[in-house]
Amino acid sequence: MERTLAIIKPDAVAAQHVGAILQRIEGAGFEIRAMRLVRLSRADAEGFYAVHRERPFFGSLTAFMSSGPAVALALEAPEAIRKWRELMGATDPAKADAGTIRRDFGGSIEHNATHGSDAPETAAFELAYFFAGVELAGT
Ligand code: GDP
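This structure is a prediction, so every number in the text was calculated from the model and none was measured.

### Some details on the packing of aromatic side chains
Move 1: One pass over the structure, following the stated rule, counts six aromatic pairs.
Move 2: Here the aromatic rings of phenylalanine 30 and tryptophan 84 are separated by 6.2 Å at their centres, their planes lie at 90°, and the arrangement is edge-to-face. Remark: tryptophan 84 occurs in helix H5 (residues 80–88) and phenylalanine 30 occurs in the loop between helix H2 (18–27) and strand E2 (31–38); sequence separation between them is 54 residues.
Move 3: The class for phenylalanine 30 is buried, based on a relative accessible area of 5%.
Move 4: The rings of Phe48, Tyr49, Phe125, Tyr129 and Phe130 are connected pair by pair, giving a single aromatic cluster.
Move 5: The positively charged end of lysine 83 is found above the aromatic ring belonging to phenylalanine 30, 4.9 Å away from the centroid.

### A closer look at the site of the ligand
Move 1: Lining the immediate environment of the ligand, one finds Lys9, His52, Arg55, Phe57, Leu61, Arg85, Thr91, Arg102, Ile109, Glu110 and Asn112.
Move 2: Lysine 9 is positioned such that a nitrogen or oxygen atom in its side chain is 2.9 Å from an oxygen atom of the ligand.
Move 3: Within the side chain of asparagine 112, one N or O atom sits 2.9 Å away from an oxygen atom of the ligand.
Move 4: The protein chains hide 80% of the 550 Å² of surface that the ligand would expose on its own.
Move 5: Of the residues belonging to the shell around the ligand, the class tally is three nonpolar, three polar and five charged.

### Observations concerning the pattern of salt bridges
Move 1: All chains considered together, the criterion is met by seven salt bridges.
Move 2: Here arginine 3 and glutamate 76 are joined by a salt bridge, their closest N and O atoms 2.7 Å apart. Remark: glutamate 76 occurs in strand E3 (residues 70–77) and arginine 3 occurs in strand E1 (residues 2–8); sequence separation between them is 73 residues.
Move 3: Residue arginine 3 is classed as partly exposed on the basis of its relative accessible area of 25%.
Move 4: The closest approach of N and O atoms between glutamate 46 and arginine 42, which form a salt bridge, is 3.8 Å. Taken together, the positions of glutamate 46 and arginine 42, both in helix H3 (residues 42–48) and four residues apart, correspond to about one turn of that helix.
Move 5: Sharing partners across several salt bridges, the network here consists of Arg3, Arg33 and Glu76.

### A few points about H5
Move 1: When we look at burial in H5, the residues that qualify are Ala80, Ile81, Trp84 and Met88. Taken end-on, H5 shows its buried residues confined to a sector of 100°, consistent with a single buried face.
Move 2: Those residues of H5 that are buried lie in contact with E1, H2, E3, helix H6 (101–105), strand E4 (114–116) and helix H7 (120–130).
Move 3: Glycine 89 sits one or two positions beyond H5 and adopts a positive phi of about 90°.

Cut-off values and rules
- Residues numbered from 1 in each chain as written.
- Predicted model: local features only at pLDDT ≥ 70, side-chain atom pairs only at ≥ 80, totals over all residues.
- Heavy atoms only, no water.
- Phe/Tyr/Trp six-rings, centres within 6.5 Å; stacked < 30°, edge-to-face > 60°.
- Helix = DSSP H or I, 4+ residues; strand = E, 2+ residues; numbered from the N terminus.
- Buried < 20%, exposed > 50% of the residue type's maximum accessible area, 1.4 Å probe, protein only.
- Lys NZ or Arg CZ within 6 Å of the ring centre and 35° of its normal.
- Near = heavy atom within 4 Å.
- Polar contact = N/O pair within 3.5 Å; in protein donor to acceptor, adjacent residues only side chain to side chain.
- Areas by Shrake-Rupley, 256 points an atom, 1.4 Å probe, with all protein chains shown as cover.
- Nonpolar A, V, L, I, M, F, W, Y, C, P; charged D, E, K, R; others polar.
- Salt bridge = Lys/Arg side-chain N within 4 Å of Asp/Glu carboxyl O.
- Arc of directions from axis to C-beta.
- Contact = heavy atoms within 4.5 Å.

Next comes the structure, spelled out in structure tokens:
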């Protein structure tokens, strides 16, 4: 079993797509191990995306991620990291495969509905960023 951090981003929460996205998560066989509605401060978003701080879109991305409530989830499944990224689709919704979450709910390369960890090390960092050990223990 593997765990990954998923975020339903502020664009998808504002558009009331939380229910539809959770349905896809459960339909794909993930176990939801933790879930919380979060409102990131700008500093929270900057800390979360620290690896991207040199990218030209860092300011815009962190402003977007702190623009409204988001939903953070700990998802568990065999190969959860790869499987969740597959279900989300490519970063740019216009290039994402038909039937993927980003293709169906994303509006732009930045406002792309969901986030997913990209490797075991980032998943460990990102899960700990949102969930205390006690929330994940014993589940
Ligand atoms: P991901 O792993 O598919 O989320 O993609 P990245 O790690 O490369 O980028 C992190 C997030 O930054 C993406 O999910 C987008 O919200 C945003 N992003 C990525 N590339 C671009 C870009 O070229 N322009 C803008 N404005 N945002 C981007």
